[in-house]
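Next come the chains, spelled out residue by residue.
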Amino acid sequence: MLLIGIKNFGTQTVLADGVVNIGSTYRKFCKRNRCGVPTFSATANGITLNTEGIYHITATFVGSGSAAGDVTVQLALNGVLVDGAVSTQTITTADTEIRTWVIDYYAKVDTDCVLGVTSTDAQNVSFVNTSDAIDATFTSVVVNIDKVV
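Residues numbered from 1 in each chain as written. Predicted model: local features only at pLDDT ≥ 70, side-chain atom pairs only at ≥ 80, totals over all residues. Heavy atoms only, no water.

### Quick notes on the pattern of salt bridges
Inference 1: Following the criterion strictly, the structure yields 2 salt bridges and no others.
Inference 2: A salt bridge links R99 to E97; its shortest N-O distance comes to 2.2 Å.
Inference 3: Residue R99 is classed as partly exposed on the basis of its relative accessible area of 26%.
Inference 4: Where K108 meets D110, a salt bridge forms, and the shortest distance between an N and an O atom there is 3.4 Å.
Inference 5: For K108, a relative accessible area of 56% corresponds to the exposed category.
Inference 6: For D110, a relative accessible area of 33% translates into the label partly exposed. (Salt bridge = Lys/Arg side-chain N within 4 Å of Asp/Glu carboxyl O. Buried < 20%, exposed > 50% of the residue type's maximum accessible area, 1.4 Å probe, protein only.)

Written out as structure tokens, the structure reads:
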């Protein structure tokens, strides 16, 4: 099994419609394909799934909201929000009420053949605070992705 684990235990405030800083790699077992492309590549704002297959994404966020109301975190693939890959917590007391958001999703990376040349449609995984007007403060972000097929 190929996998990557990313974590960020630094406190961060993510504005409404802002991208969550997922941090840096803490675990990685990755192989390169026949063209030398690694399975995963990571930045602070996302992980790119570079090779064809199905990937299991599990993300856990711990934090609070800047105001009372619903705080929502949603998975985005290539910048497009994914329906169903969302977690919402209701905050009743701003800044002091700690909540946990969990997103569990399977993503598929395809290959195309254009004019006899095979290419992979890589997927960039990121997470967005899609709350209407509530900023979120996260104290722990852990994202684990494993390639299952």
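### Some details on unusual backbone geometry
Inference 1: Positive phi, close to 55°, is recorded for N78, a residue that is not glycine.
Inference 2: The backbone of L115 sits at a positive phi, close to 55°, despite the residue not being glycine.
Inference 3: Within the fold, L115 resides in the loop between β10 (111-114) and β11 (117-120).
Inference 4: Using a relative accessible area of 85% as the deciding quantity, one classes L115 as exposed. (Helix = DSSP H or I, 4+ residues; strand = E, 2+ residues; numbered from the N terminus.)

### Thoughts on a nonpolar patch on the surface
Inference 1: A cluster of nonpolar side chains, I54, Y106, V148 and V149, forms an exposed patch at the surface whose accessible area comes to about 380 Å².
Inference 2: Residue placement: V148 occurs in the segment after β13 (136-147). (Patch = residues over 30% accessible without salt bridge, like charges linked within 9 Å, V, L, I, M, F, W, Y side chains within 5 Å. Areas by Shrake-Rupley, 256 points an atom, 1.4 Å probe, with all protein chains shown as cover.)

### Considerations on the pairing of strand β1 (residues 2-8)
Along any regular strand, the residues point their side chains to alternate faces of the sheet.
Inference 1: In terms of burial, β1 is largely enclosed, as 5 of its 7 residues are buried.
Inference 2: Here β1 pairs with β13 via 7 bridges, running antiparallel. Opposite I6, over in β13, you have V143 as the bridge partner.
Inference 3: Strand direction decides the pairing type here: β1 and strand β3 (residues 24-29), joined by 5 bridges, are antiparallel. Bridged to I4 within β3 is K28. (Pairing = 2+ DSSP bridges.)

### A short note on the sheet that holds strand β8 (residues 80-91)
Inference 1: Spatial ordering of the open sheet is given by β4-β5-β12-β7-β8, a layout of 5 strands whose pairing is antiparallel. Of all the strands in the sheet, just β4 (40-43) and β8 have a single pairing partner and so form its edges. The average undirected angle you get between the axes of adjacent strands in this sheet is 20°.
Inference 2: Direction of pairing for β4 relative to strand β5 (residues 46-49): antiparallel, over a ladder of 4 bridges. (Axes fitted to C-alpha atoms, helices over the stretch in contact; angles between N-to-C directions.)

### With respect to the layout of surface pockets
Inference 1: The volume enclosed by the largest pocket comes to roughly 290 Å³.
Inference 2: Surrounding the largest pocket, N33, R34, C35, V37, N50, T51, E52, T111, T118, S119, T120 and K147 form its lining.
Inference 3: Element by element, the count of residues in the lining of the largest pocket is highest for β11, at 3 residues.
Inference 4: Looking at the lining of the largest pocket residue by residue, the classes come out as 2 nonpolar, 7 polar and 3 charged. (1 Å grid on protein atoms, 1.4 Å probe; cavity = no way out; pocket = protein on both sides within 12 Å on 5 of 7 lines; lining within 4 Å. Points joined across faces, edges and corners; volume = space filled by probe spheres on them. Nonpolar A, V, L, I, M, F, W, Y, C, P; charged D, E, K, R; others polar.)

### Here's the deal with the packing of aromatic side chains
Inference 1: In total, this model carries 4 aromatic pairs according to the counting rule given.
Inference 2: Ring centres 5.9 Å apart and planes at 75° place the aromatic pair F40 and Y55 in the edge-to-face group. You can see F40 sitting in strand β4 and its partner Y55 sitting in strand β6 (residues 53-65), a full 15 residues away along the chain.
Inference 3: Their ring planes at 65° and their centres at 5.3 Å tell us that F61 and F127 sit as a pair that is edge-to-face. (Phe/Tyr/Trp six-rings, centres within 6.5 Å; stacked < 30°, edge-to-face > 60°.)

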